[in-house]
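What the coordinates show
Chain by chain, the residues run as shown.
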Amino acid sequence: MTGEKPMPPEAENGLPPEAGSGLPPEAGSGRPLVKAMRVAKAFGGKPVLADVSCSLHPGTVTLFSAPSGSGKSTLLEILAGVQAPDRGAVERSCPASLMFQDNALVPNLDAEGNLAYILPPSMPKAERAEKIASWLKLFELEHRVYPRSMSSGMKRRLNLARALIAGRAVTLLDEPFAFLDERWHGVVAGLILAKASAGGAVALAGHEPAPALVKACGGLLRVLELGAPPVILKDAGGKAQEDAGENAPEGSTGKHSEDDGGKHPADDGGKGPENNGGGRNPQGTCDL
C-alpha cells in the first residue's frame, strides 16, 4: 500500500461523463480541423520556426516534442490564433481551447470562477453548476480556493480543467504533465484519449511522450520532433514513418525566450509563484 488517496469515481475511467461530448460536426468529418502551411516565426530577428507544416485531424493526438527553446509553445499559439506567423498560413475549421504553459489563471477568481469564466453566458445556471462541480471533483479542487493559495500542481490541474471544460473540438495543451505526479499523469492521459476518441484533435507540447500518454493513446498518438531540420514524424513507439504526407513539419529552428519548457518536478504540495498570464487571454481559450 502506498497510502495514496483513492481516485474519485470519474477518474477511474479518466474522465467525467461529458469529457468527450459536445463536439461539433466538423470533428467527425475526417478533414483537418487545423492545418498549418509552411509557417515561419522569428523574434528579434532570431528564427523560431521555419517552414513548419502540419495538420490536426479528428481522432488524433499529436505531441510536438523538442528540447527547451525549440518553439513548441510558439507553434501551439500560432495554431490557436494567439500569434500570427510571419510567413505561411493556418486554416482552422472550428474553435479551440489552449492551455498556456504558464497557466494564465485569473488571480482574483476562485477555482469555480476560473471555470465559469469561459462557459457561455447563455448556459442554464443548473447545467453550469453541474458541469463545474464535475470537473472540480475530478481534479480534486475546492470551489472557493484562489490561485494564490494553490500549489503548482493544483494550478496545473485547474488550468487543464479550464481547457477541457469548454468542450472544443481542438484542444492544445502546453506541457500538460508538468508539476503533476504519476497518479495524475494517468488521469490526464485518459482525458486526452477521451477527447480524441470522441472525434476531437488534441495537440501537446513536451520534451518526450509521457509513458501514461503512450499507454493510453497507443496508435492514436503521433510524435512530431521539432528542432534542427528535418523534422521527423514518429508513431507512439518511436518508429519513423516513411510517408508523413502533409502532416510532417518541414523544419523548425531557433529559440523562443518564453518557451522555457524545462522538466518540472512533480510538485503537488509546494506553492508555485502566481502568474496571471502576462496579458494573454485569461480564458485559456480562443475562438479560431
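Per chain, residues are indexed from 1 in the order of the written sequence. pLDDT decides what is reported in this predicted model: residues at 70 or higher carry local features, side-chain atom pairs at 80 or more are listed and counted, and totals for whole chains, interfaces and linings draw on all residues regardless. Hydrogens are left out, water is left out, and the side-chain values use all remaining heavy atoms of the structure.

1. Quick notes on the sheet that holds strand 1 (residues 34–43)
Which entries qualify depends on this criterion: Any two strands are treated as partners once DSSP identifies two or more bridges connecting them. Think of it this way: any DSSP run of H or I at least four residues long counts as a helix, any run of E at least two long counts as a strand, and we number them from the N terminus. Axis lines are fitted through C-alpha atoms, for helices just across the contact stretch, and the angle between N-to-C directions can take any value from 0 to 180 degrees. Contacts are assigned to residue pairs that have any heavy atoms within 4.5 Å of one another.
Reading across the sheet, the 3 strands line up as 2-1-4 and stay open at both edges, with antiparallel pairing between neighbours. With partners counted over all chains shown, the strands left at the sheet margins are strand 2 (46–56) and strand 4 (87–92), one partner each. Averaged over all neighbouring strand pairs, the angle between strand axes comes to 20°, with direction disregarded. In this structure, strand 1 lies alongside strand 2, joined through 7 bridges in antiparallel fashion. Within strand 2, the position partnered with V34 by the bridge is L56. Running over the sheet, helix 2 (residues 72–80) touches strand 1, strand 2 and strand 4 and is turned about 55° from strand 2.

2. Some thoughts on the nonpolar core
Short version of the rule: Definition used in this section: a nonpolar core is a set of buried Ala, Val, Leu, Ile, Met, Phe, Trp, Tyr and Cys residues joined via side-chain atoms within 4.5 Å. Under the scheme applied here, a residue whose accessible area is under 20% of the maximum for its type counts as buried, over 50% as exposed, and between as partly exposed, the area being computed with a 1.4 Å probe on protein chains only.
Of all hydrophobic cores here, the largest spans 39 residues; its most connected members are V61, W135, F139, I192 and L213. Put simply, the parts of the chain that give this core at least two residues each are strand 3 (60–65), helix 3 (111–116), helix 4 (125–138), helix 5 (152–165), helix 6 (182–197), strand 7 (201–206), helix 7 (211–217) and strand 8 (221–225). I78, V90, L98 and L172 belong to the second largest nonpolar core, which has 30 residues in total.

3. Some details on the packing of helix 4 against helix 5
This is how it is decided: Should an angle fall under 35 degrees it is called roughly parallel, over 145 degrees roughly antiparallel, and 65 to 115 degrees roughly perpendicular, with every other angle called oblique. By convention, the crossing between two helices is left-handed when the near helix turns anticlockwise from the far helix through less than a right angle, and right-handed when the turn is clockwise. Three classes are used: nonpolar for Ala, Val, Leu, Ile, Met, Phe, Trp, Tyr, Cys and Pro, charged for Asp, Glu, Lys and Arg, and polar for all others, with Gly counted as polar.
Packing of helix 4 against helix 5 leaves a shortest axis separation of 10 Å and a crossing angle of 140°. Considering their axes alone, helix 4 and helix 5 lie oblique with respect to each other. Crossing of helix 4 against helix 5: the hand is right-handed. Within the contact between the two elements, helix 4 uses K131, I132, W135 and L136 and helix 5 uses L158, A161, L164 and I165. Looking at the contact of helix 4 with helix 5 residue by residue, the classes come out as 7 nonpolar, no polar and 1 charged.

4. Regarding the confidence of the model for the protein chain
Rules: Residue-level confidence of the predictor is summarised by pLDDT, bounded by 0 at the bottom and 100 at the top.
Looking at the protein chain, pLDDT values average 77 and 68% of them are 70 or higher. Note on residues 1–14: pLDDT under 50 across the span, and 23 contacts to partners over four residues away in sequence or across chains. Here residues 240–288 scores under 50 on pLDDT; set against residues more than four positions off or in separate chains, the count is 162 contacts.

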